[in-house]
Amino acid sequence: MSTTEHHHPEVHAAPRPPATGLRRLLAPGFLRAIWMMALFFGIGLALVLGIRAIAGWHPLWHWPPVLAVAFLTTMPLGFLAGIGAFDYWTHYALGRPTRPEDHSGHGARSWRDYFRVNTDHKVIGVQYLVTTVFFFVAGGLLAMFVRAELARPGTQFFDPQTYNGLFSVHASLMIFLFIIPAFAGLANYVVPLMLGAPDMAFPRLNALSYWLLPIAGIMMLSSFLIPGGAFAAGWTGYAPLSVVGSDGNIFFQMAVQWAGASSIMTALNFLVTIITMRAPGMTFWRMPLLVWANFTTSLLVVIATPFIAASQFFALFDRVLGTDFFRPESGGYVLGYQHIFWFYSHPAVYIMMLPGFGIVSEVISVMSRKPIFGYRLMALSLMAILFLGFSVWAHHMFVSGMAPWLRVPMMITTLLIAVPTGIKVFSWLATIWEGKLNFSTPMLWALGFLSMFVIGGLSGIYLGAVPIDIHTSDTYFVVAHIHYVLFGGSLFTIFAGIYYWFPKMTGRMYDERLGKLHFWLTFVGFNATFFPMHLIGVQGMPRRVVDYAPEFANWNFFISVASFGLGASTIVFLYNMINSWARGPRATGNPWRALTLEWQVSSPPPTFNFDEIPQVVGNPYEYGVPGARHAVLGEERVEELERVR
């Protein structure tokens with residue numbers, strides 16, 4: 001049990017008057033960011049040229065280090081300094097007098113506050129979600145280009161290098177700029193409320209972690225503008241291709257560093273918040289499963305993300321500094337890249353899944369009006385996945401040329417990790433069984449996730465078996481598997497969470513008919529697009545190729561048509577969200593009649609979440625139990641404390 005009680009009165013200073021004249025150039029914001037980006041670019045350029053001159057390296061102007069240091073390191077730092085991300089810490093570091101906190105940078109009074117550095121976790125959560133939806137649309141458009149090219153054999157629209165760049169940037173945006181940060185956005189909004197906390201533990205660090213994301217996404221998209229084209233080594237950035245390919249690979253290597261830094265900052269914030277800022281009475285065994293899911297995910301992020309940072313730094317050093325970590329002609333260990341990369345990237349699959357497990361647990365329990373079946377076992381299975389996730393990385397490398405003796409142990413651990421995942425699936429099914437089901441839009445997405453994730457999990461068991469993996473490696477069977485896991489799994493749960501908490505975030509209700517239309521268009525389009533890939537995959541259709549044998553033409557044409565229908569479903573979602581946010585009917589504080597704490601306050605919540613600290617008195621899922629309460633607030637809290645005494 002634990003609790004650090006933080007309480008802030010619901011007060012705000014009036015917004016500061018807008019700066020004028022020269023002060024406008026010096027005030028934090030996008031105007032200051034413009035000239036500071038130019039200044040920091042100059043600093044980075046001088047640093048590169050100065051070091052090369054002192055070391056006697058010629059020519060002085062060498063494009064790769066200039067790109068890596070001036071364009072992709074110091075220039076983004078200038079942007080962050082310009083918008084005010086470092087102002088508080090700089091003021092403190094210079095030993096200047098402490099400034100009283102007037103909360104002028106906390107909370108949203110107008111739409112403009114979403115375009116500034118803001119310390120309110122609710123504003124940051126919305127910033128995350130809107131930004132990630134933008135990159136989701138961008139990544140989806142790139143996928144449409146890929147499917148347009150593959151609709152017929154031969155090359156129609158793109159040369160091989162451009163095609164490789166399209167699917168590489170598509171996958172990188174979806175993984176690093178959509179799925180992982182979208183979960184962070186939902187958790188940012190909801191977790192402090194679920195804990196009864198007024199905010200995250202480190203609000204300024206939380207604000208900074210968001211602003212690293214658009215930097216990473218713009219880097220990835222900007223790689224198309226570089227001579228030689230975008231990075232084209234896939235989202236895995238395999239060496240030595242990422243070392244000797246176009247300079248667009250530098251954009252990938254640096255963007256992953258920025259996105260990874262954002263993930264680590266957010267994860268540390270979640271860990272400290274969950275451990276130290278729970279409301280009175282909120283023991284670990286009274287936490288909602290979404291909080292458990294983000295606790296385990298944050299541990300995964302903190303432990304695993306430095307490994308992908310290392311892999312990208314080594315590849316970048318090979319390209320920029322002339323090192324030989326992965327250059328085979330100089331004795332570099334190429335397979336070392338894959339071992340380092342997958343030691344992060346298989347746990348990353350669970351970084352992209354565990355928060356969704358938490359979301360689905362919330363939605364299914366509320367919409368079934370039943371307690372979660374096996375609550376403690378569900379929480380413990382999350383921890384089991386955390387530990388087992390680090391023992392399966394080499395099943396991605398069965399055909400890579402690694403030591404053959406590693407295959408069988410990795411196959412065994414891969415099959416073993418299905419056990420805690422299976423526990424969760426059967427627990428959700430048991431929760432639904434004989435429940436009073438409400439088939440609203442969030443529940444449809446949760447049930448869609450359950451069915452699609454099972455298919456993705458079953459194909460994963462096939463791929464975990466050495467002989468089947470050898471046969472289907474680098475075929476469309478693998479493409480089908482990863483999309484059933486990450487689209488049918490992660491994306492479905494993200495949509496479930498967005499629809500479920502949309503009333504809480506906006507104070508408005510979405511259009512239920514459009515929500516259900518969005519689900520069915522996506523569900524049908526998704527299966528029509530990706531299920532046939534299993535069939536052509538086992539027949540030998542290779543992935544990551546711009547051209548293919550005519551025998552696969554009919555299926556590829558069908559898949560491309562279906563993919564455009566799938567892409568069109570997103571238009572329904574965007575219209576529903578934008579229109580409902582602007583003109584939807586007002587939402588009540590608790591439209592789902594849920595028990596968790598975020599639904600016990602108004603929609604949207606007060607600036608500091610709770611006017612009085614809640615007292616947690618029971619489990620968050622005791623639906624159908626007469627008189628059950630998760631928490632009491634206000635006068636009820638006083639009565640409860642008196643009763644306890």
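Numbering of residues begins from 1 in every chain and follows the order in which that chain's sequence is written. The model is predicted, so local features are restricted to residues of pLDDT at least 70 and side-chain atom pairs to those at 80 or more, both for listing and for counting; the totals for chains, interfaces and linings are taken over all residues. Heavy atoms throughout the structure, all of them, feed into the side-chain values; hydrogens and water do not.

**As for the packing of aromatic side chains**
Stacked, tilted and edge-to-face are the three classes assigned to paired rings of Phe, Tyr and Trp, where Trp is represented by its six-membered ring and a pair needs centres within 6.5 Å; plane angles under 30 degrees give stacked, over 60 edge-to-face, the rest tilted. On inspection of all chains with the given rule, the structure shows 65 aromatic pairs. Taking the centre distance of 6.4 Å and the plane angle of 75° together, the rings of Phe502 and Tyr510 count as edge-to-face. Side by side, Phe502 and Tyr510 carry an identical accessibility label, which is buried. Charge-over-ring contacts are defined here by two conditions on Lys NZ or Arg CZ: a distance within 6 Å of the ring centre and an angle within 35 degrees of the ring normal. The residue whose ring lies beneath Arg152 is Phe557, and the NZ or CZ to ring-centre distance is 4.6 Å. A cation sits over an aromatic face here: Arg204 above Tyr88, 3.5 Å from the ring centre. Burial classification: accessible surface area is computed with a 1.4 Å probe over protein chains only, and a residue below 20% of its type maximum counts as buried, one above 50% as exposed, and the rest as partly exposed.

**Regarding the domain arrangement of the protein**
Residue ranges for the domains trace back to a domain assignment, done automatically or taken from a database. Structurally, the protein comprises domain 1 (119–583) and domain 2 (605–644). Domain 1 and domain 2 are separated by 35 Å when their C-alpha centres are compared. Residues are treated as being in contact if the distance between any of their heavy atoms lies within 4.5 Å. Each partner contributes to the interface: domain 1 provides 29 residues, whereas domain 2 provides 19 residues. A pairing counts as a salt bridge when a side-chain nitrogen of Lys or Arg comes within 4 Å of a carboxyl oxygen of Asp or Glu. For the pair domain 1 and domain 2, the number of links is 0 salt bridges. What qualifies as a polar contact is a pair of N or O atoms within 3.5 Å, subject to a donor-acceptor requirement within protein and to the restriction that residues adjacent in sequence count only when both atoms come from side chains. Viewed at the interface, domain 2 and domain 1 are joined by 11 residue pairs in polar contact (both at pLDDT 80 or more). Helix and strand labels come from DSSP, where a helix needs a run of H or I of at least four residues and a strand needs a run of E of at least two; each type is numbered from the N terminus. Among the elements of the structure, helix H5 (121–150), helix H6 (160–195), helix H10 (289–320) and helix H12 (354–368) are those that each provide at least two residues to the side of domain 1 that touches domain 2.

**Some remarks on the side chain of His121**
Following the sequence through the fold, His121 ends up in helix H5. Within the local environment of His121, its side chain forms a polar contact with the side chain of Asn609, the two groups lying 3.0 Å apart. In this view, His121 contacts Asn188, Tyr189, Pro192, Leu193, Pro198, Asp199, Met200, Asn206 and Asn609; residues no more than four positions away in its chain are not counted.

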